[in-house]
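Survey of secondary and tertiary structure
The lines below spell out each chain.
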Amino acid sequence: EAIGGGDLKLDLDPPLIRLVECLAQDIKRGKPLLKKGGRLVAFVPEIEDSKKFPKEEADVKEKKEEINLQGIPNKTLIESAGLELVDMKEQPLSDSLSRWLVIYECII
């Protein structure tokens, strides 16, 4: 029931955003998937527009709330799913390709 629900918007969003939307819906129904302290770990591919974001790990930790990679849920959605961003690290795959490791923890 949590996945899809006939909402066309869900079909257009990136997978991590769809997953977090489902986690938020599950909380509203009183049946959360993650227990307090549980973690959600995901890889998000870097896109062309994301080149403007900080590359140094220390910079990312300081500015992680400002980072808005396509495919990363916004702060409001994260909070509605009972999650908190724990860490975010860039993982270069080649000279021209990277992905971001994002780690969220369930806080409710």
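Summary of the structure given here. (Residues numbered from 1 in each chain as written. Predicted model: local features only at pLDDT ≥ 70, side-chain atom pairs only at ≥ 80, totals over all residues. Heavy atoms only, no water.)

Turning our attention to the nonpolar core. If you look at the biggest cluster of nonpolar residues, it comprises 19 residues, and the most contacted ones within it are Leu16, Val20, Leu40, Ile72, Leu83, Val102 and Tyr104. Listed by contribution, the elements that provide at least two residues to this core are helix H2 (15-28), strand E1 (39-45), helix H4 (75-80), strand E2 (83-92) and strand E3 (98-106). It is H2 that provides the largest number of residues to this core, a total of 5 residues. Filtering out sequence-adjacent residues up to four positions away, leucine 16 remains in contact with Leu40, Ala42, Val44, Gly71, Pro73, Val102 and Tyr104. (Core = buried A, V, L, I, M, F, W, Y, C linked by side-chain atoms within 4.5 Å. Buried < 20%, exposed > 50% of the residue type's maximum accessible area, 1.4 Å probe, protein only. Helix = DSSP H or I, 4+ residues; strand = E, 2+ residues; numbered from the N terminus. Contact = heavy atoms within 4.5 Å.)

Turning our attention to the sheet that holds E3. Spatially, 3 strands are ordered E1-E3-E2 in an open sheet, and the strand pairing comes out antiparallel. Every interior strand has two partners, whereas the edge strands, E1 and E2, have only one. Neighbouring strand axes in the sheet, compared pairwise and without regard to direction, differ in orientation by 20° on average. Along the sheet face, H2 touches E1, E2 and E3 and points at about 155° away from the line of E1. (Pairing = 2+ DSSP bridges. Axes fitted to C-alpha atoms, helices over the stretch in contact; angles between N-to-C directions.)

Turning our eyes to something else, we now look at the pattern of salt bridges. Between side chains of opposite charge, a pair can form as their charged atoms come close. A full pass over the atoms with the stated rule returns 3 salt bridges. Note that glutamate 105 and arginine 39 form a salt bridge whose closest N and O atoms lie 3.1 Å from each other. Of this pair, glutamate 105 sits in strand E3 while arginine 39 sits in strand E1; the two residues are 66 residues apart in sequence, bridging distant segments of the chain. Assessed through its relative accessible area of 47%, arginine 39 is described here as partly exposed. (Salt bridge = Lys/Arg side-chain N within 4 Å of Asp/Glu carboxyl O.)

Turning our attention to empty space enclosed by the protein. Using the criterion set out here, one finds 1 cavity of 30 Å³ or more in the structure. As for the largest cavity, its lining consists of Leu23, Ile27, Pro32, Leu33, Leu34, Ala81 and Cys106. (1 Å grid on protein atoms, 1.4 Å probe; cavity = no way out; pocket = protein on both sides within 12 Å on 5 of 7 lines; lining within 4 Å. Points joined across faces, edges and corners; volume = space filled by probe spheres on them.)

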